[in-house]
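Chain by chain, the residues:
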Amino acid sequence: MQAKDEEEYVEITIDLVGDSLVVQNIVPRGDSENTHNDVVRDEDSVADDDNQVVIQSNSETAYDHAATRTRRNMPGGSDRFPNGLEFMRINRLDGSSWAQIERRFDELADRFGILSKSHFGQCIGMRESKEFADQLFDALARPRGITSASLLKDELREFWEQITDESIDVRLETFFDMVDKDGDGQITEEEVKEIILLSASANKLSRIHHYAGEYAALIMEELDPENLGYIELYQLEELLQGSAQSNYLETDAESRVLSQLLSQKLKPIIEYNPIKRCYRWLTYFVADNWKRIWVIGIWLAICVCLFTWKFIQYKDRAVFKVTGYCVATAKGAAETLKFNMALILLPVCRNISTWLRSNTKLGVLVPYDDYINFHKVIAASIAIGVGVHAGAHLTCDFRRLINATDKEYEPMEPFFGQEQPKNYWWFIKGVEGWTGIVMVVLMAIAFTLAQRSLRRNRLSLPKILKRLTGFNAFWYSHHLFVIVYVLFVIHGYYLYLSKKWYKKTTWMYLVVPIFFYACERLLRLFRSEYQRVKILKVALYRGNVLALQMSRPHGFKYSSGQYIYLNCSIISPFEWHPFSITSTPRDDYLSVHIRILGDWTRELKRIFSEICQPPRINQSGLLRADIEQVNDKTKMPRLLVDGPYGAPAQDYKQYDVILLIGLGIGATPMISVLKAVLNDVQQYKEIENGMVKSGVRSNKSKHNAMKKAYFYWVTREQGSFEWFMDLMNEVAEKDNYGVIELHNYCTSVYEEGDARSAWITMLQSLYHAKHGVDIVSGTRVKTHFARPNWRHVFKHLARKHVNQRIGVFYCGAPVLNRELKQLSQDFSRKLTTKFDFHNENY
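Nothing here was measured: the structure is a model prediction, and the numbers come from that model. (Residues numbered from 1 in each chain as written. Predicted model: local features only at pLDDT ≥ 70, side-chain atom pairs only at ≥ 80, totals over all residues. Heavy atoms only, no water.)

Topic: the overall build of the protein chain
Here is the rule: Think of it this way: any DSSP run of H or I at least four residues long counts as a helix, any run of E at least two long counts as a strand, and we number them from the N terminus. Working definition: with a 1.4 Å probe on protein chains only, accessible area under 20% of the residue-type maximum means buried, over 50% means exposed, and in between means partly exposed. Note on areas: Shrake-Rupley, 1.4 Å probe, and residue coverage restricted to the protein chains presented here.
Secondary structure assignment for the protein chain yields 34 helices and 19 strands. The proportion of buried residues among the 842 residues of the protein chain is 49%. When the accessible surface of the protein chain is summed, it comes to about 43,200 Å², and 55% of that surface belongs to carbon and sulfur atoms.

Here you go:
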């Protein structure tokens, strides 16, 4: 402890005994070791007796100050702040060091070796937090008497050492100095408001700007009950420590032991024997992909059999003597083309796959979630088949026919005519030739525009080419398949070497799949006209999300997690776009949340923006329209609905424990599942406790006894939480059995423990404790900062649900898909807890 008199400083060592502090030793110290000249209040309560001073507990203020002054001599600073208080945590993870800072200094400094304040943030690695870096610069420069807005390298080195000092006390004093701009050791309400605004800007939390004054007053009310008009360092530390502990999950001894055991089991095993290593990899691969393996295996076997059968058949014909293996290869490839052109239609028969998924047990054998991938695999095989078929004809057998002698050509006269072909034009001008060329061109267009980078306009192309790409181009080009199939049948009918109708088998392959697909499209058309919907509510939220609530068509049945297709005839009578259903089967309406990304959604937003009205004070959303508020003269756009269709999330009832993960708008399929789980649990518990009539009690077995549901929603923008604010509050209020755990993450906020988010953490903890509302999300659910540590999440679930199977359902950008899938596989292989990963196509 440091106390100050008129001439010198002393170091006082104290112990806590009962309700009193006992001073054990007093040692004089030099002025140079004192960093702050704060005066200890209530000094009259200190009495000296043989170098032992007893500070009575009735002076709480003196106790608080004494505790503050002994901070530097007390060990365990990191225990006071479990999450730390770091200025450069992110940069240290990136491997930042003084050598890197020095290189940046040399790049940014002027020719006199002086670094301006404007480049300070960039130099130390705070490029995205310039205002915060400027404030930090002032806090570091003020105690050193630096008044200019520039630094020499040696001064920057001192700054850097203080910023990266591992002592929690040094960090705390630096943090305090950032707020205490006048250096008087006291923080006023205005200074608190300024730092709140600064933290809100650094973390891209625009809503906090509007309430900065209210939050500053709340902090002063909490820390300055005597209305002195200021707070001091020890009070700020108390608030920091309280918020850190409230956000820090301490595990008991048993949990720590289990966690250590899990860590030991999850350690990668190094296998030096290459044979054993390959065997283990193969075992894991088969275990993780056996559904795909057997489906692909059967498909490949059929393709090989068809190719071989047709190859052998033509090897025994007279044409083989002229063209050799060329024609046999071309015909073998053509036979696989017929099969694949038929098969490629089945995965996109969505009504059939939805019915099979919902009404049969084939899901244990068939990977329904991979239907798009299987469609792509078949498309790739068609491209290969076309290449082999056309290549064999153009480079081999046509050339041999043109160059054949009269004697060699004589057996070919019944097929090609008495006049021998003289050049390639003879083949191209025929029906077989031009139909083949047109098909190849159309398929090449559709295949190219279906690529993800072109479909989502992610390539930097000239404006002219830019207009020829995007979802619309993909959609319309894919419907060229109608022309392709017509030409395919014609091409297969006018064959050179087959004249009998029953040997022209192209139509035989296609008739059944085309029939199913035609019925599929007719059903969609009929159902969309029959299932008319009426728009009830519209809301346009921050983050460019449009929420639509529509009337539920009569007889429209669906499961939580499924999706529908929407069509707006004003935009385009032909375009249909899929969106996850966010309402539940028990609701009397349909709702979807649409992220504005492409041309179609932007046009939909424009149409509704002309109709919507500004929100009321107690309503969320930037624009909204309820049907009763809309003027009679206002005409709502007509929407058509097609569906519902099966999706991975609808299989949540197969598990007692589920982990739902949504990235941004990818949370939409999980919202319906959460609502359904909440409703099912409430009804199940009522039935279980005998709280309903006996007639309902008999249906107990039909309800899902969900034991636990975990929902992790990771979003980049604070405004995104408005999308599902009502659901978050509903779960927090009605989940009396603790079945659902909600975890919101805002990645724009620096992780907990970073000095840039420390004030947000303090405010969040204080405001939630007092009002029960989170300042970031505006809901009852506290928001975590930065990205989740997914390995810790899986580890936590594995520890809590030993010997259980957990369903992991993810929807969002592909960037996280691989990591979650890998974690599911790793934990399932090495632990008794099994994780079944399901990915929603996004």
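Points about the pairing of strand 19 (residues 834-840)
So the rule is basically this: Between any two strands, pairing holds if DSSP finds at least two bridges. For a crossover, the right-handed case is the one in which the path from the first strand over the helix to the second runs clockwise, viewed with the strands pointing away from the viewer.
Across the seven residues of strand 19, five count as buried, placing the element largely inside the fold. Looking at chain direction, strand 18 (residues 805-811) and strand 19 are connected through seven bridges and run parallel. Along strand 19, the bridge assignment pairs Tyr810 with Asn839. For the handedness criterion, the β-α-β arrangement of strand 18, helix 34 (residues 817-830) and strand 19 is classed as right-handed.

Let's talk about the nonpolar core
Stated precisely, the cut-off is as follows: As used here, the term nonpolar core means buried Ala, Val, Leu, Ile, Met, Phe, Trp, Tyr and Cys residues forming a set that is joined through side-chain atoms within 4.5 Å. Throughout the structure description, domain borders are defined by an automatic or database domain assignment. Note on contacts: a residue pair qualifies if any of its non-hydrogen atoms lie within 4.5 Å across the two residues.
By size, the foremost hydrophobic cluster in this structure holds 99 residues, and its most contacted members are Phe120, Leu156, Phe175, Ile196 and Phe711. Broken down by element, the residue count for this core peaks at eight residues, all from helix 29 (residues 668-688). When we break this core down by domain, the ones giving at least three residues each are domain 1 (89-166) and domain 2 (647-690 + 704-747 + 787-841). What Phe120 contacts, discounting residues up to four positions off in sequence, is Leu115, Ala133, Phe137, Leu140, Leu151, Leu156, Phe159 and Ile163.

With respect to the UniProt feature "transmembrane region" (unreviewed entry) in the protein chain
For the record, the criterion: UniProt positions are given in the numbering used here, feature names are shortened, and annotations may be inferred rather than shown by experiment.
The UniProt record annotates "transmembrane region" (unreviewed entry) at residues 293-312, 433-450, 471-494, 506-523 and 657-678. In the segment residues 506-523, helix accounts for 100% and strand for 0%; the C-alpha atoms at its two ends are 26 Å apart.

Describing the pattern of salt bridges
The condition is simple: The term salt bridge refers to a pairing of a side-chain nitrogen on Lys or Arg with a carboxyl oxygen on Asp or Glu at a separation within 4 Å.
Tallying each qualifying case throughout the model produces 27 salt bridges. The partner of Lys117 in a salt bridge is Asp138, with the nearest N and O atoms 2.9 Å apart. With Lys117 in the loop between strand 5 (115-116) and helix 5 (120-124) and Asp138 in helix 6 (residues 130-141), this pair connects stretches of sequence that are 21 residues apart. On the accessibility criterion, Lys117 (21% relative accessible area) is partly exposed.

Some points on the environment of Asp106
Examined against the element boundaries, Asp106 turns out to sit in helix 4 (residues 98-108). For Asp106, a relative accessible area of 48% corresponds to the partly exposed category. Placed 17 residues apart in sequence, Asp106 and Cys123 show a C-alpha to C-alpha distance of 9.5 Å.

Some details on helix 6
Because an α-helix completes one turn every 3.6 residues, residues spaced three or four positions apart along the sequence face the same direction. Selection rule: Here the expected span of a helix is defined as 1.5 Å times the quantity of residues minus one.
In this model helix 6 runs 16 Å from its N-terminal to its C-terminal C-alpha over 12 residues, within 8% of the 16 Å that 1.5 Å per residue would give. Buried residues of helix 6: Phe132, Ala133, Asp134, Gln135, Leu136, Phe137, Ala139, Leu140 and Ala141, and no others. Considering only its buried residues, helix 6 is in contact with helix 5, strand 6 (150-151), helix 7 (153-163), helix 8 (168-179) and helix 9 (189-202).

Digging into the UniProt feature "domain: EF-hand" (unreviewed entry) in the protein chain
Summarizing the sequence annotation, UniProt attributes the feature "domain: EF-hand" (unreviewed entry) to residues 167-202 in the numbering used throughout. Note that residues 167-202 is 72% helix and 0% strand, and that its end C-alpha atoms are spaced 24 Å apart.

Here we look at the state of the cysteines
Just so we agree on the cut-off: Two cysteine sulfur atoms form a disulfide, by the criterion used here, when they sit within 2.5 Å.
In total, this model carries one disulfide according to the counting rule given. Between the sulfur atoms of Cys326 and its disulfide partner Cys396 the distance amounts to 1.4 Å. Of the two residues, Cys326 sits in helix 16 (residues 325-343) while Cys396 sits in helix 18 (residues 371-403), which places them 70 residues apart along the sequence. In this structure, Cys326 and Cys396 share a single accessibility class: buried. Between Cys305, a free cysteine, and Cys303, which holds the nearest cysteine sulfur, the sulfur-to-sulfur gap is 9.4 Å. Judged by its relative accessible area of 53%, Cys305 falls in the exposed class.

Brief notes about the sheet that holds strand 13 (residues 639-645)
Applied cut-off: What counts as an axis is a line fitted to C-alpha atoms, over the stretch in contact for a helix, and the angles between N-to-C directions run from 0 to 180 degrees.
Ordered by their spatial adjacency, three strands build an open sheet running 10-9-13, and the pairing between neighbours is antiparallel. In this open sheet, the two strands that pair with only one neighbour each are strand 10 (577-580) and strand 13. Put simply, the sheet's adjacent strands are angled 30 degrees from each other on average, direction ignored. Its contacts with the sheet place helix 28 (residues 599-609) against strand 9 (563-568), strand 10 and strand 13, and it is angled at close to 65 degrees to strand 9.

A look at the packing of aromatic side chains
Test applied: Each aromatic pair joins two rings of Phe, Tyr and Trp (for Trp, the six-membered one) with centres within 6.5 Å, and gets the label stacked for planes under 30 degrees apart, edge-to-face for over 60, and tilted for any other angle. Cation placement over rings: the criterion is NZ of Lys or CZ of Arg within 6 Å of the ring centroid and within 35° of the ring normal.
Summed over all chains, the structure comprises 29 aromatic pairs. Relative to Phe311, the ring of Phe307 has its centre 6.0 Å away and its plane inclined at 20 degrees; by these criteria the two rings are stacked. Placement of both Phe307 and Phe311 in helix 14 (residues 274-315) is noted, with a separation of four residues, approximately one turn of the helix. Put simply, the rings of Trp713, Phe721, Trp723 and Phe724 touch in pairs and so form one group of aromatic residues. The cationic tip of Arg350 hangs over the ring face of Tyr645; the distance from NZ or CZ to the ring centre is 4.9 Å. Against the face of Tyr750 rests Arg756, its NZ or CZ located 3.9 Å from the ring centre.

Focus on the packing of helix 22 (residues 431-449) against helix 26 (residues 481-493)
Let me state the cut-off plainly: Geometric relationships in this document are graded by angle, where less than 35 degrees denotes roughly parallel, more than 145 denotes roughly antiparallel, 65 to 115 denotes roughly perpendicular, and other angles denote oblique. Should the near helix be turned anticlockwise from the far one by less than a right angle, the crossing is termed left-handed; should it be turned clockwise, right-handed. Any residue outside Ala, Val, Leu, Ile, Met, Phe, Trp, Tyr, Cys, Pro, Asp, Glu, Lys and Arg is labelled polar, Gly included; the first ten of those are nonpolar and the last four are charged.
The geometry of helix 22 relative to helix 26 is characterised by a closest axis approach of 9 Å and an angle of 155 degrees between their N-to-C directions. In terms of orientation, helix 22 lies roughly antiparallel with respect to helix 26. Classified by chirality, the crossing of helix 26 by helix 22 is left-handed. On helix 26, the residues touching Val431, Glu432, Trp434, Thr435, Gly436, Val438, Met439, Leu442 and Met443 of helix 22 are Ile483, Val484, Leu487, Phe488, Ile490 and His491. Counted by class, the contact of helix 22 with helix 26 contains 11 nonpolar, three polar and one charged residues.

Quick look at the sheet that holds strand 17 (residues 783-785)
Ordered in space as 17-16-15-14-18-19, the six strands form an open sheet in which the pairing is parallel. Looking along the sheet, the strands with just one partner apiece sit at the ends: strand 17 and strand 19. Between one strand axis and the next, the sheet turns by 20 degrees as a mean value, whatever way the strands run. Each of strand 15 (708-715) and strand 16 (740-746) is contacted by helix 31 (residues 725-734), which is oriented at about 145 degrees to strand 16, the strand it contacts most.

Some remarks on the packing of helix 14 against helix 18
Any two packed helices are characterised by the angle at which their axes cross and by the distance between the axes. Between helix 14 and helix 18, the least distance of the axes is 12 Å, while the angle of their chain directions is 25 degrees. In terms of orientation, helix 14 lies roughly parallel with respect to helix 18. As for how helix 14 packs across helix 18, the hand of that crossing is right-handed. Contact with helix 14, carried on its side by Val295, Ile296 and Trp299, involves Phe374, Val377, Ile378 and Ser381 of helix 18 and no other residues of that element.

Concerning the environment of Arg350
With respect to the helices, strands and loops of the structure, Arg350 is situated in helix 17 (residues 350-359). Separated by 293 residues in sequence, Arg350 and Gly643 place their C-alpha atoms 8.9 Å apart. Once residues within four sequence positions are removed from consideration, Arg350 is found in contact with Glu520, Arg524, Tyr563, Tyr565, Asp642 and Tyr645.

So, the side chain of Lys675
What counts here: Only four residue types enter the tally: Lys and Arg on the positive side, Asp and Glu on the negative side, with His and both chain ends excluded.
Within the secondary structure, Lys675 is located in helix 29. In this structure Lys675 is buried but unpaired, with Asp587 as the nearest side chain of opposite charge at 4.6 Å. Here Lys675 is in contact with Thr582, Ser583, Thr584, Tyr589 and Leu727, once residues within four sequence places are set aside.

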